[in-house]
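One letter stands for each residue in the lines below.
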Amino acid sequence: MLLGILLATGLGWVLFVWMPLRKLGPTAPSGAGAPFGRVAVGAEVYAANGCASCHTQVVRPANLGSDIARGWGARRTVPSDYLEDHIVPLGVLRLGPDLADVGERRSDVRWYYRLLYDPRAIYPGSVMPSYRYLFARVPLLGTPLPDSLPLSGRDAPPPGFQVVPKPEARALAAYLLSLKRVPPTEAGKTP
Ligand code: HEC
């Protein structure tokens with residue numbers, strides 16, 4: 001009986017403690033720091049709007065897919081990348097590109113506002129929904145506000161008005177801009 005108990009506990013330890021630790025590699029945070037302030041709020045906006053139903057945040061290793069060749073990241077993502085995140089929207093379906101490293105590819109906050117307001121203005125025929133409710137139409141008093149959207153054509157607001165991002169859009173854009181993976185050397189030596 002004693003042997004049985006020892007075996008059961010030992011096997012449990014090997015399977016559920018030792019093997020996962022070996023597989024996950026170094027579990028120290030990657031050094032990017034925990035998201036806070038606007039970025040942390042942006043992660044909630046991302047989750048609430050179902051972005052993860054079309055976008056993943058996992059870059060696969062070069063031998064398991066074309067993610068790196070497509071420019072979705074310079075390296076694969078490792079467990080320590082997510083260690084300090086409260087919301088980990090890995091996603092399961094890729095109707096759109098992977099966003100694990102999107103802040104590295106797109107660094108202009110206005111580009112994100114434009115995309116969220118009307119994806120089809122950037123990608124004609126895109127299936128990405130527009131998130132206009134994250135923006136407000138406000139009266140134009142004198143010169144446009146610094147972050148008012150440069151809209152033209154069918155998106156243009158009526159004369160005397162301008163479109164500005166609401167706090168949710170600002171937070172979401174800050175979150176997307178923050179999606180950068182630190183260089184491989186700092187991120188632990190997981191294969
Ligand atoms: C119905 C699926 C769908 C949903 C939901 C969706 N997207 Fe997209 N997204 C796409 C597709 C598809 C593209 C690629 C553009 C294209 O070719 O249509 C894209 C492109 C993008 C890009 C540009 C990526 C790059 O590499 O340039 C960003 C950033 C983005 N989406 C963010 C978001 C955010 C943030 C949300 C949630 C608020 C969201 N998406 C929701 C489908 C979606």
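Residues numbered from 1 in each chain as written. Predicted model: local features only at pLDDT ≥ 70, side-chain atom pairs only at ≥ 80, totals over all residues. Heavy atoms only, no water.

Novice: In this structure, what is going on with the coordination of the iron atom of the ligand? I would like to understand it.
Specialist: Each pair of donors in an ideal four-coordinate tetrahedral metal site encloses 109.5 degrees, whereas pairs in an ideal six-coordinate octahedral site enclose 90 or 180 degrees. His55 (NE2) and Met128 (SD) make up the full set of protein donors to the iron atom of the ligand, lying at 2.0 to 2.3 Å. In this structure, the iron atom of the ligand is surrounded by six donor atoms whose angles at the metal cover 85 to 178 degrees, and the resulting shape is octahedral. Of the two residues, His55 sits in the loop between helix H2 (37-48) and helix H3 (102-105) while Met128 sits in the loop between helix H5 (119-122) and strand E1 (135-139), which places them 73 residues apart along the sequence. (Donors = N, O, S within 2.8 Å, 3.2 Å for Na, K, Ca; no water. Tetrahedral: all angles 85-135°; square planar, octahedral: opposite > 155°, others 65-115°. Helix = DSSP H or I, 4+ residues; strand = E, 2+ residues; numbered from the N terminus.)

Novice: Mind showing me how you'd approach empty space enclosed by the protein here?
Specialist: One simple way to see leftover space: roll a probe sized like a water molecule over the atoms. Taken as a whole, this structure holds one cavity of 30 Å³ or more when the rule is applied. Estimated volume of the largest cavity: approximately 30 Å³. Lining the largest cavity are Arg110, Tyr113, Arg114, Asp147, Ser148, Leu149 and Pro150. Grouping the amino acids of the lining of the largest cavity by side-chain chemistry returns three nonpolar, one polar and three charged. (1 Å grid on protein atoms, 1.4 Å probe; cavity = no way out; pocket = protein on both sides within 12 Å on 5 of 7 lines; lining within 4 Å. Points joined across faces, edges and corners; volume = space filled by probe spheres on them. Nonpolar A, V, L, I, M, F, W, Y, C, P; charged D, E, K, R; others polar.)

Novice: So what exactly am I meant to see when it comes to the pairing of strand E2 (residues 161-165) here?
Specialist: Where a strand is regular, its side chains alternate between the two sheet faces. With four of five residues buried, E2 lies mostly within the body of the structure. Sheet topology note: the E1/E2 ladder contains five bridges and is antiparallel. Bridging across to E2, Pro139 finds its partner in Phe161. (Buried < 20%, exposed > 50% of the residue type's maximum accessible area, 1.4 Å probe, protein only. Pairing = 2+ DSSP bridges.)

Novice: Which parts of the structure should I look at to understand the site of the ligand?
Specialist: The ligand sits among 23 residues. The nearest are Cys51, Cys54, His55, Ser126 and Met128. In the environment of the ligand, an oxygen atom lies 2.9 Å from a nitrogen or oxygen atom belonging to the side chain of Arg106. For the ligand, an oxygen atom lies 2.6 Å from a polar atom in the side chain of Ser126. Listed by contribution, the elements that provide at least two residues to the shell around the ligand are helix H4 (109-117) and helix H6 (167-178). (Near = heavy atom within 4 Å. Polar contact = N/O pair within 3.5 Å; in protein donor to acceptor, adjacent residues only side chain to side chain.)

Novice: Before we go on, may I ask you to explain the nonpolar core in this structure?
Specialist: Counting 26 residues, the largest nonpolar core has Tyr46, Phe135, Leu149, Leu172, Tyr175 and Leu176 as its most contacted members. Secondary-structure elements contributing two or more residues to this core are H2, H4 and H6. Broken down by element, the residue count for this core peaks at six residues, all from H6. Discounting residues that sit within four places of it in the chain, Phe135 has contacts with Tyr113, Leu116, Tyr117, Leu149, Val163, Val164, Pro165, Lys166 and Ala169. (Core = buried A, V, L, I, M, F, W, Y, C linked by side-chain atoms within 4.5 Å. Contact = heavy atoms within 4.5 Å.)

Novice: Looking at this structure, I do not really get the packing of H4 against H6. What am I missing?
Specialist: For any two helices packed against each other, the geometry comes down to the angle between their axes and how far apart the axes lie. Direction vectors running N to C along H4 and H6 enclose 120 degrees, while the axes themselves pass 10 Å from each other. With respect to each other, H4 and H6 are oriented oblique. Considering how the two elements wind past one another, H4 and H6 form a crossing that is right-handed. Packed against H4, whose contacting residues are Val109, Tyr112, Tyr113 and Leu116, the element H6 presents Ala169, Arg170, Leu172, Ala173, Leu176 and Leu177 at the interface. Taken together, the residues that form the contact of H4 with H6 break down as nine nonpolar, no polar and one charged. (Axes fitted to C-alpha atoms, helices over the stretch in contact; angles between N-to-C directions. Parallel < 35°, antiparallel > 145°, perpendicular 65-115°, else oblique. Left-handed = near helix turned anticlockwise from the far one by under 90°.)

Novice: Can you walk me through the UniProt feature "domain: Cytochrome c" (unreviewed entry) in the protein chain in this structure?
Specialist: Following the UniProt record, one finds the feature "domain: Cytochrome c" (unreviewed entry) at residues 37-180. Taken end to end, residues 37-180 has its terminal C-alpha atoms 17 Å apart, with 28% of it in helix and 7% in strand. (UniProt positions renumbered as here; feature names shortened; annotations may be inferred.)

Novice: Hey, could you run me through H6 in this one?
Specialist: Given 3.6 residues per helical turn, the α-helix brings residues three or four places apart onto the same face. Taking 1.5 Å per residue, twelve residues should reach 16 Å; H6 reaches 16 Å between its end C-alpha atoms and fits that length. Buried positions along H6 lie against H2, H3, H4, E1 and E2. (Expected span 1.5 Å × (residues − 1).)

Novice: What exactly am I supposed to notice about the packing of aromatic side chains here?
Specialist: To describe a pair of aromatic rings, you give the distance between the ring centres and the angle between the ring planes. Per the stated rule, a full pass over the model turns up five aromatic pairs. The interplanar angle of 85 degrees and the centroid separation of 5.4 Å between the aromatic rings of Trp111 and Tyr112 together place this pair among those described as edge-to-face. A relative accessible area of 1% means that Tyr112 is categorised as buried. Measuring from ring centre to ring centre gives 6.0 Å for Tyr131 and Tyr133, while their planes differ by 70 degrees; the resulting arrangement is edge-to-face. Look at Tyr131 and you get buried, because its relative accessible area is 10%. (Phe/Tyr/Trp six-rings, centres within 6.5 Å; stacked < 30°, edge-to-face > 60°.)

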